Amino acid sequence: MTKQFYKALHLVVRQIQDFARESGKSTDISLDRLSVSNPELASAFREAASDLRFLMLRRGFRTEDVRTKGVAEGKVAGMIAFRLLRHRIIHIGHTNPTVTDRYFGRLQELVVLRLVSESILGIDLDKSPFTHPGPGGATKPWLLHELLYLIARRHFNQETLALIFDTAVQLHKATSYSRA
């Protein structure tokens, strides 16, 4: 997962740079200004693995039962996202005291949401059915915005995130069938 985390980080930084360019604003965010705390990242994944083991124990699963009984993918995604969001993994060094980019302060959250949605769940939060029309024909990622608001301003836990991710997976499947 660490390799996937770095891929998600690169993707989000590139998107922030693109958003800034499209809006006519400059941003000083770049990969050379970012550092990732590998101990924090490792700690978050250890805690998520411990949460999963506890869940399996509580449900009476053995290791070999996972393939036959399983745990909902949204539940696993919620555990991983929760633990990654609780650690300070991404650190940003400033070269310019003025930050004009609206996503700049939510970089770690965007990376975690991208990692979980794309790498674990196989869904893209920037595409239908998780978007709605915005001004000028652009689409706005409503679920991504809701998740960022929840993380920043409200209380959330693993169960809340798991419910949201399970619902997103079902919505994605349902709309994929209807488009086919």
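This is a predicted model, so every value here is computed, not measured. (Residues numbered from 1 in each chain as written. Predicted model: local features only at pLDDT ≥ 70, side-chain atom pairs only at ≥ 80, totals over all residues. Heavy atoms only, no water.)

K.L.:
Requested: an account of the pattern of salt bridges, with residues and values cited.
P.N.:
Applying the stated criterion across every chain, the model contains seven salt bridges. In this structure, Arg-83 and Glu-47 form a salt bridge, with 3.2 Å as the shortest nitrogen-oxygen distance. Taken together, the residues span a long stretch of sequence, with Arg-83 in helix 3 (residues 73-86) and Glu-47 in helix 2 (residues 38-58) at a distance of 36 residues. The closest approach of N and O atoms between Lys-127 and Asp-124, which form a salt bridge, is 3.4 Å. In the salt-bridge network here, residues are joined through shared partners; they are Arg-114, Glu-118, Asp-124, Asp-126 and Lys-127. (Salt bridge = Lys/Arg side-chain N within 4 Å of Asp/Glu carboxyl O. Helix = DSSP H or I, 4+ residues; strand = E, 2+ residues; numbered from the N terminus.)

K.L.:
I'd love a proper account of the environment of Leu-55, names of residues and values included.
P.N.:
Mapped onto the secondary structure, Leu-55 falls in helix 2. For Leu-55, a relative accessible area of 2% puts it in the buried group. For Leu-55 and Val-71, which are 16 residues apart along the polypeptide, the C-alpha to C-alpha distance reads 8.8 Å. (Buried < 20%, exposed > 50% of the residue type's maximum accessible area, 1.4 Å probe, protein only.)

K.L.:
For the packing of helix 3 against helix 4 (residues 107-120), give the residues involved together with the corresponding values.
P.N.:
Close contact between helix 3 and helix 4 brings their axes to 10 Å; oriented N to C, the two are set at 160 degrees. Taken together, the axes of helix 3 and helix 4 lie roughly antiparallel to each other. Between helix 3 and helix 4 lies a crossing whose hand is right-handed. For the pair helix 3 and helix 4, contact is made by Glu-73, Ala-77, Ile-80, Ala-81, Leu-84 and Leu-85 and by Gln-108, Glu-109, Val-112, Leu-115, Val-116 and Ile-120, respectively. In terms of residue class, the contact of helix 3 with helix 4 is built from nine nonpolar, one polar and two charged. (Axes fitted to C-alpha atoms, helices over the stretch in contact; angles between N-to-C directions. Parallel < 35°, antiparallel > 145°, perpendicular 65-115°, else oblique. Left-handed = near helix turned anticlockwise from the far one by under 90°. Contact = heavy atoms within 4.5 Å. Nonpolar A, V, L, I, M, F, W, Y, C, P; charged D, E, K, R; others polar.)

K.L.:
Give me the nonpolar core: which residues, what numbers.
P.N.:
With 43 residues, the main nonpolar core has Leu-84, Leu-107, Leu-161 and Phe-165 as its most contacted residues. In terms of residue count, the dominant contributor to this core is helix 4 (seven residues). In contact with Leu-107, other than residues within four places in its own chain, are Leu-9, Val-12, Val-13, Ile-16, Ile-29, Leu-34, Ile-90 and Ile-92. Counting five residues, the second largest nonpolar core, distinct from the first, contains Leu-55, Phe-61, Val-71 and Met-79. (Core = buried A, V, L, I, M, F, W, Y, C linked by side-chain atoms within 4.5 Å.)

Read these as layout, nothing more, since geometry by itself doesn't imply function.
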